[in-house]
Amino acid sequence: MTTTTLGLRPGGHKPGRVLLIGAGPGDPGLLTRRALSALKGADVVVYDRLVSPEIMDLVPEDVLQIDVGKAPGHHRLTQDETNALLVDLARRGLCVARLKGGDPLIFGRGGEEAAELKTAGVEFKYVPGITAAQGAAAATGVPLTHRGLAAGVRYVTGHRCQDAVLDHDWASLANADTTLVVYMGAMNIADIASKLIRHGMASSLPVMAVSAATTPRQTQVISDLGHIAEAVGQAVPEAPLLFVIGHVVSLSPTAAQTLAITAPETQAKAVRYG
Ligand SMILES: C[S@@+](CC[C@H](N)C(=O)[O-])C[C@H]1O[C@@H](n2cnc3c(N)ncnc32)[C@H](O)[C@@H]1O
């Protein structure tokens, strides 16, 4: 956190406000023009761990930056503390850019922060961002829907608060006509894959794990539902990681050679692409 004394804005009885901004998946070229101008016009940027260093480089040096980033299990600020901070900064008359990875309204807790701001009587607005699934699709050349392969797409979480059991409707998710994108699934992918197989998905269904999509650190692992946990375990991709499960993965420019390999031990060696 950049330290400075936060006083009332000079001359300012003007009420502050908060912009809940999506930073996109990481590539600064994918930041919207509205997001960029909001960052340039802000007094303070309150940002998360998922916001890439390349995006933070675009924040002008004279804008205060507060890192409330949350590594799994190691919250720098709790959500309640972050909510209180946003309210406090806005009440000081500041224009606050609340910057989140991807889109603030897809697994981003943007709705929760907005509810707190509304209760506190603080003006706020959303600025959408490109969500990780969209960024990963474009960056890997894997469409999320495709005529004849996937008639729809579903985004689901692979993690519940406080490690509670993942209680999805597995029978409904195990539908190979719909692409499944799993956010925050790195710790539970073995369990997720086995539940989907138990509810009728073929273990040969292609799966792609994409890490740090759209950044220079992007890597991908392609396997099938029966082997994805093992393949990811061997490749150890860095966070953040998401999974695309479905026939569309066979359209990946790198999938053909990988999916042809069926022996698990060979497969695990063959699946990493930088
Ligand atoms: C708390 S969710 C936030 C999602 C974000 N609001 C969005 O719209 O992308 C964090 C998860 O998003 C996914 N994620 C975010 N950025 C990613 C990226 N660049 N590459 C791969 N996965 C990403 C990962 O599944 C990660 O665990």
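Residues numbered from 1 in each chain as written. Predicted model: local features only at pLDDT ≥ 70, side-chain atom pairs only at ≥ 80, totals over all residues. Heavy atoms only, no water.

A. Local environment of the site of the ligand. Not every one of the 17 residues close to the ligand is listed here, only the nearest: Asp103, Ile106, Thr131, Ala213 and Leu241. Within the backbone of Gly101, a nitrogen or oxygen atom sits 3.0 Å from a nitrogen atom of the ligand. Separating an oxygen atom of the ligand from a backbone N or O atom of Leu241 is a distance of 2.7 Å. Within the complex, 89% of the 560 Å² of free accessible area of the ligand lies under protein. (Near = heavy atom within 4 Å. Polar contact = N/O pair within 3.5 Å; in protein donor to acceptor, adjacent residues only side chain to side chain. Areas by Shrake-Rupley, 256 points an atom, 1.4 Å probe, with all protein chains shown as cover.)

B. Seen up close, helix α7 (residues 189-198). The set of residues buried in α7 consists of Ile189, Ile192, Ala193, Lys195 and Leu196. The buried residues of α7 occupy an angular sector of 165° when projected down its axis, which confines them to one face. Packing partners of the buried residues in α7 comprise α6 (170-173), β9 (178-183), α8 (228-235) and β12 (241-245). Trailing α7 by a residue or two, Gly200 shows a phi angle of about 115°, which is positive. (Buried < 20%, exposed > 50% of the residue type's maximum accessible area, 1.4 Å probe, protein only. Helix = DSSP H or I, 4+ residues; strand = E, 2+ residues; numbered from the N terminus. Arc of directions from axis to C-beta. Contact = heavy atoms within 4.5 Å.)

C. Here's a closer look at the packing of aromatic side chains. Across all of its chains, the model carries three aromatic pairs by this definition. Here the aromatic rings of Phe124 and Tyr126 are separated by 5.9 Å at their centres, their planes lie at 75°, and the arrangement is edge-to-face. A relative accessible area of 25% places Phe124 in the partly exposed class. Relative accessible area serves as the criterion here: at 33%, Tyr126 is assigned to the partly exposed category. (Phe/Tyr/Trp six-rings, centres within 6.5 Å; stacked < 30°, edge-to-face > 60°.)

D. Region of interest: the side chain of Thr131. One can find Thr131 in the loop between β7 (123-127) and α5 (132-140). Relative accessible area serves as the criterion here: at 7%, Thr131 is assigned to the buried category. Setting aside its immediate chain neighbours within four residues, Thr131 contacts Gly102, Asp103, Ile106, Tyr155 and Tyr183.

E. Quick look at the sheet that holds strand β1 (residues 17-22). Spatially, the five strands line up as an open sheet ordered β3-β2-β6-β1-β7, and their pairing is parallel. In this open sheet, the two strands that pair with only one neighbour each are β3 (64-67) and β7. Along the sheet, successive strands turn relative to each other by an average axial angle of 20°, direction set aside. Summarising the sheet, β1 and strand β6 (residues 95-100) pair through six bridges and their orientation is parallel. Paired with Gly22 across the bridge in β6 is Lys100. Sheet strands touched by helix α1 (residues 33-41): β1, β2 (44-47), β6 and β7. Its angle to β1, the strand with the most contacts, is close to 140°. Along the sheet, helix α4 (residues 110-119) makes contact with β1, β6 and β7, crossing β7 at roughly 160°. (Pairing = 2+ DSSP bridges. Axes fitted to C-alpha atoms, helices over the stretch in contact; angles between N-to-C directions.)

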